[in-house]
Amino acid sequence: MVASCLSFVSLYGSFLRRNLAAAGLSSQTVIVDGDTTIHFWGPAAATSKPPIVLIHGFGPHGVWQWRPQISFFSRKFDVYVPDLVFFGDSFTESADKSEVFQAASVAKLLEKLGIPKYSVIGTSYGGFVAYRMAAMWPERVEKVVIASSEVNMRQKDSSELLKRGKVEKIEELMLPSTPAQLRKLIALSVYRRTYMPDFFLNDIINKLYCENRKEKLELLRGVTLGQHETTTIAPLSQEVLIVWGEHDQIFLLEKAIELKKLLGEKARLEVIKNTSHVPQLEDSGHFNNSVSNFLRGV
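Residues numbered from 1 in each chain as written. Predicted model: local features only at pLDDT ≥ 70, side-chain atom pairs only at ≥ 80, totals over all residues. Heavy atoms only, no water.

Engineer: Account for the pattern of salt bridges, with residues named and values stated.
Structural biologist: A full pass over the atoms with the stated rule returns 15 salt bridges. Between Glu258 and Arg154 there is a salt bridge, with its nearest N and O atoms 2.9 Å apart. Taken together, the positions of Glu258 in helix H11 (residues 253-263) and Arg154 in the loop between strand S7 (141-147) and helix H6 (155-165) put the pair 104 residues apart, joining distant regions of the chain. Assessed through its relative accessible area of 15%, Arg154 is described here as buried. Taking the shortest distance from any N to any O, the salt bridge between Lys214 and Glu218 comes out at 2.9 Å. In this pair, Lys214 and Glu218 both sit in helix H10 (residues 213-222), four residues apart, roughly one turn of the helix. Relative accessible area serves as the criterion here: at 29%, Glu218 is assigned to the partly exposed category. (Salt bridge = Lys/Arg side-chain N within 4 Å of Asp/Glu carboxyl O. Helix = DSSP H or I, 4+ residues; strand = E, 2+ residues; numbered from the N terminus. Buried < 20%, exposed > 50% of the residue type's maximum accessible area, 1.4 Å probe, protein only.)

Engineer: Any details on the layout of surface pockets? Residues and values, ideally.
Structural biologist: By volume, the largest pocket amounts to about 980 Å³. Forming the walls of the largest pocket are 33 residues, and the residues nearest its centre are Pro60, Ile186, Val190, Val278 and Leu281. Elements that contribute at least two residues to the lining of the largest pocket include exactly helix H2 (8-22), helix H3 (62-73), helix H8 (179-189), helix H9 (198-209) and helix H12 (279-282). Its residues placed into classes, the lining of the largest pocket shows 20 nonpolar, nine polar and four charged. (1 Å grid on protein atoms, 1.4 Å probe; cavity = no way out; pocket = protein on both sides within 12 Å on 5 of 7 lines; lining within 4 Å. Points joined across faces, edges and corners; volume = space filled by probe spheres on them. Nonpolar A, V, L, I, M, F, W, Y, C, P; charged D, E, K, R; others polar.)

Engineer: How would you sum up the pairing of strand S8 (residues 239-245)? Please name residues and give values.
Structural biologist: In terms of burial, S8 is a largely internal element, six of the seven residues being buried. Bridge analysis of S7 against S8 gives five bridges, and the strand direction is parallel. Bridge pairing in S8 links Ile146 to Ile242. Summarising the sheet, S8 and strand S9 (residues 267-272) pair through six bridges and their orientation is parallel. By the bridge assignment, Val240 is partnered in S9 with Ala267. The β-α-β motif built from S8, the intervening H11 and the parallel element S9 has right-handed crossover chirality. (Pairing = 2+ DSSP bridges. Right-handed = clockwise from strand over helix to strand, strands pointing away.)

Engineer: Summarise the pairing of S7; cite the residues concerned and give the values.
Structural biologist: Two faces make up the sheet, and in a regular strand the side chains alternate between them. Along S7, six of the seven residues are buried, which leaves the element largely enclosed by surrounding structure. Crossover handedness for the path strand S6 (residues 118-123) to helix H5 (residues 125-136) to S7: right-handed.

Written out as structure tokens, the structure is:
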């Protein structure tokens, strides 16, 4: 009876909102153009602290993927956590579903907020968006953190990911609709795993994965990176920190090593031991200190 009536996801969502309020962030919505509205968590007004933008990946929207970072970085930075389009309360009427469009939408948000310069931190799919923002607006983006994000993806890498996940379609892995599918995603994403009963996994699916499924599938298919057998990315002009989990099974560590070479002399790589695809959650202390030192130029 308790399991059927109590939503652990809803309870944790309430806990998250209290944490955000304690960090000085509030829920806000901005119409960035005629088609697109972006929801984000951020300070009520910009302060003298340097601004950083935390860009989430696929799965639960922004604050779910960045809670330890929000609490940590809000002490010395103005922290902005946007929901990418079709996550949370962000939406668009545009037919464009690429990561380039997501990057443009976040850039428009920051322009509307009057923030001329900022650093970006993106995880997984959010790393694609962060890379695009840095490449398209080098005069705005000061430093870049790419976490667990195979920006240098090739066409064959998607097929190999499906094999590791033992699925036929990418949505079976990235947009799970059953407890069995969600267990596969967790197995690839988390180094230390604990058993979760079906009712708990169904609660996660119903609360965090069901909304805008059609549009999210279009986002997966709309990614322009990784469409060819050769990588098309170019070095960035900014300093770049690449952070990767040692045991990542979504994007393998060998891809992080290659990415560092492709991004050039201004890129450095930090590998976090005993973590997988979400090092910012599995070892938040190591992740936070590494990113903080990088942002402060230590």
